[in-house]
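# Notes for the structure review
The chain contents come next:
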Amino acid sequence: MNWWENRFIKVKRNALLLGNQAAVTIAENQGTPLFVYSREQLRHNYRRLLKAMQNSFSREPRILYAMKANSHPELLGTLFSEGAWIDAVSPGEIALARNLGFPVSRIMFTGTSLSLEDLQKIMCHTDLIINIDAEAQLEIMHEARERWFAHKQFKVAVRVNPGKGRGFSPKAVTAGETASDGTPIKFGVEKDQAAALFKRAADMGFQPIGLHQHLGSGWDRNDFLAVKTAVDTLAEVAADVQNQGFHLDFLDFGGGFGPRYAPEQGIFPIEDYLTYINQKITEARLNIKAVVLEPGKYLAADAGVLLVRVEYLKKNYQNLFVCVNAGTFNTVPRPAIYQEAQHPIIHCSQVKSEDVQVLSIAGNLCESGDLFAKNRELTVPRRGDILAVLNAGAYCRSMASNYNTREIPKELIL
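Residues numbered from 1 in each chain as written. Predicted model: local features only at pLDDT ≥ 70, side-chain atom pairs only at ≥ 80, totals over all residues. Heavy atoms only, no water.

Here the focus is the sheet that holds strand β3 (residues 21-22). Taking strand neighbours across the sheet as the criterion, the three strands line up as β1-β2-β3 in an open arrangement whose pairing is antiparallel. Each having just a single partner strand, β1 (9-12) and β3 make up the two edges of the open sheet. Where β1 and strand β2 (residues 15-18) come together, four bridges link them in antiparallel fashion. Paired with V11 across the bridge in β2 is L16. (Pairing = 2+ DSSP bridges. Helix = DSSP H or I, 4+ residues; strand = E, 2+ residues; numbered from the N terminus.)

Before going further, it helps to spend a moment on the pattern of salt bridges. In the structure shown here, the tally under the stated rule is 17 salt bridges. R166 is paired through a salt bridge with D223; the nearest N and O atoms lie 2.9 Å apart. Of the two residues, R166 is situated in the loop between β9 (155-161) and β10 (189-190) and D223 in the loop between β11 (207-212) and α8 (224-243); the sequence distance between them amounts to 57 residues. Beyond isolated ion pairs, a larger network of salt bridges with shared partners links R43, R47 and E82. (Salt bridge = Lys/Arg side-chain N within 4 Å of Asp/Glu carboxyl O.)

Of all hydrophobic cores here, the largest spans 106 residues; its most connected members are L211, L251, F253, Y273 and I361. By size, the runner-up hydrophobic cluster in this structure holds 19 residues, among which are W4, C348, A388 and L412. (Core = buried A, V, L, I, M, F, W, Y, C linked by side-chain atoms within 4.5 Å. Buried < 20%, exposed > 50% of the residue type's maximum accessible area, 1.4 Å probe, protein only.)

Once that is clear, we can look at α8. With 20 residues, α8 ought to run about 28 Å at 1.5 Å a step, and its terminal C-alpha atoms sit 29 Å apart, in line with that. For α8, every residue scored as buried is listed here: F224, A226, V227, A230, V231, T233, L234, A235, V237, A238, A239 and V241. Where α8 is buried, its residues touch β9, α7 (194-203), β11, β12 (250-252) and α9 (270-283). Of the residues flanking the end of α8, it is G245, one or two places downstream, whose phi is positive at about 100 degrees. (Expected span 1.5 Å × (residues − 1). Contact = heavy atoms within 4.5 Å.)

Where helix α2 (residues 39-56) contacts helix α3 (residues 73-82), the axes come no closer than 10 Å and their chain directions differ by 35 degrees. When you trace α2 past α3, the crossing you get is right-handed. Here R39, L42, R43, Y46 and R47 of α2 come into contact with α3, specifically with E74, L75, T78, L79 and E82. Here the contact of α2 with α3 is composed, by residue class, of four nonpolar, one polar and five charged. (Axes fitted to C-alpha atoms, helices over the stretch in contact; angles between N-to-C directions. Left-handed = near helix turned anticlockwise from the far one by under 90°. Nonpolar A, V, L, I, M, F, W, Y, C, P; charged D, E, K, R; others polar.)

Let us look at the pairing of strand β15 (residues 319-324). Across a regular strand the side chains alternate sides, sitting on one face of the sheet and then on the other. The buried fraction of β15 is high, at five of six residues. As defined by bridge partners, strand β14 (residues 304-316) adjoins β15 across six bridges and the pair is classed as antiparallel. In the strand pairing of β15, L313 is matched with V322. When β15 meets strand β17 (residues 356-362), the two strands line up parallel, connected through three bridges. Bridge assignment links F321 to a residue of β17, and that residue is S360.

For any two helices packed against each other, the geometry is given by the interaxial angle and the distance between the axes. Contact pair α8 / α9: the axes reach a minimum separation of 10 Å and the direction vectors enclose 25 degrees. Taken as axis vectors, α8 and α9 run roughly parallel relative to one another. Crossing handedness for the pair α8 and α9: right-handed. Listed contacts from α9 to F224, V227, K228, V231, D232 and A235 of α8 are D272, Y273, Y276, I277 and K280. (Parallel < 35°, antiparallel > 145°, perpendicular 65-115°, else oblique.)

Right, let's talk about the layout of surface pockets for a bit. Within this model, the largest pocket holds a volume of roughly 700 Å³. Lining the largest pocket are 37 residues, with K68, T174, F187, H214 and Y395 positioned closest to its centre. Classifying every residue of the lining of the largest pocket gives 14 nonpolar, 14 polar and nine charged. (1 Å grid on protein atoms, 1.4 Å probe; cavity = no way out; pocket = protein on both sides within 12 Å on 5 of 7 lines; lining within 4 Å. Points joined across faces, edges and corners; volume = space filled by probe spheres on them.)

Put into C-alpha cells, the structure is as follows:
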C-alpha cells in the first residue's frame, strides 16, 4: 500500500481509483482540470478526531472546521450533519454558514484588521462568539455595539499570542514576534496582556467566556515540543483569568496539525498532543466546559484531488517539463505561494513504472512560479495522460484565482 492511499484514494491493477471509480474514467467523463472530493473521507477524518478527543477529555470536545480551507456547500453540509462547529474569518463565511443551516451558536468568528463595517455585519448575529485580536478591535466593537446594537450582550474570547509559533512555512506561522524569515506576526494579543484585555472586555459590557490561540499551519512531529510550550502558556493565562474570578467556558487551541504531504514527513502526534492538553488543564485546575480545536487541512486535504491532463513534454536545457492543462494559481496555488509546499502527484493509469525520470510539472500560466512540482521523480507520461495532484481538498480551490483570465475548475463530489 502506498503511503498516500486512504479510503478515498486507492490503487488497483496499477491504476488510481477515486471512490472506487477509475480516475481516468472520471476525467474522461467530466473533463479536466477537475477537483474531486470525497464525503466519506471527510466524514472519516472528522470522526477519527472526535473519537481521539473523547478518549482524551472528560470535557466537551468541540471541533470547529476552519472554513477557509474549503467552503464547498456539500462538504460543509457533511460536517454540519456530523455536529461540527464553524471557525469563520470573514462576514461572508458567517453568511454562508448560516445559509447552510449552521446555528449562530455553533459559529466562532476570528478576524483581524476589522473595520466598523465588518463588525456591523458580524455583530448582527448576537449568539456567535467573537475572538478579540487586539485592544483596538475591542474599542471598535464597543463603538459598533453602541451605534447599532445597544443593550445587546455579545460573547467574546481573547486571542492569545503565546510568543512562539510553528508552521511548515514562515508565511504560515501565526504566533510569536516574528517568523523565521523575519516576517512580523500580526495576530493575537501578547500573553502578558491577555488577562487584562479579558477584564477590560467584561468592564465594557461584553461577556468574555474563552481564550484562543493559533500557532500556524502544517505541523509535523518536529513541532511537538514548541506546541507543548504554547499549551503551557495558554493554561497559565487561563489560570490567571480564573484566579481573577472569571469563568471560562472553553479553551481553544486552534488548528495546525494536518495530513502527510511527503513520505519523509513525520506525522504530528495528535493523541499525545490531546493527552498533554488534558494534563495541563488538570494541573492548572481549570474549571472549563469544553476544549476546542480548529482543524482545516486535517479534515479536508486528503479528501480532495485535482485531475489534470498532460498536453506535451518539453526539454529546456537540462530541465524536463510535463506541461498540463491547468495553472497552479487557478487550481492548487500552494506550491506557487509557499516554497516549502509540496503535493504528491500520481500518474493515474500507471502509478508505478520502471520508466521514471526527474521532471517538473508545469502549468499553463505566464508565470515562472507556475510549477505543481519541481524536479520530482515520476512515471514519465505521454500526451493525453491524466495526473492526480493529491491533498487538494484544503487551501486549493479556496485560494484559487482567475489569474491570466483562466477559469477555476469544476468540482465533483463523490
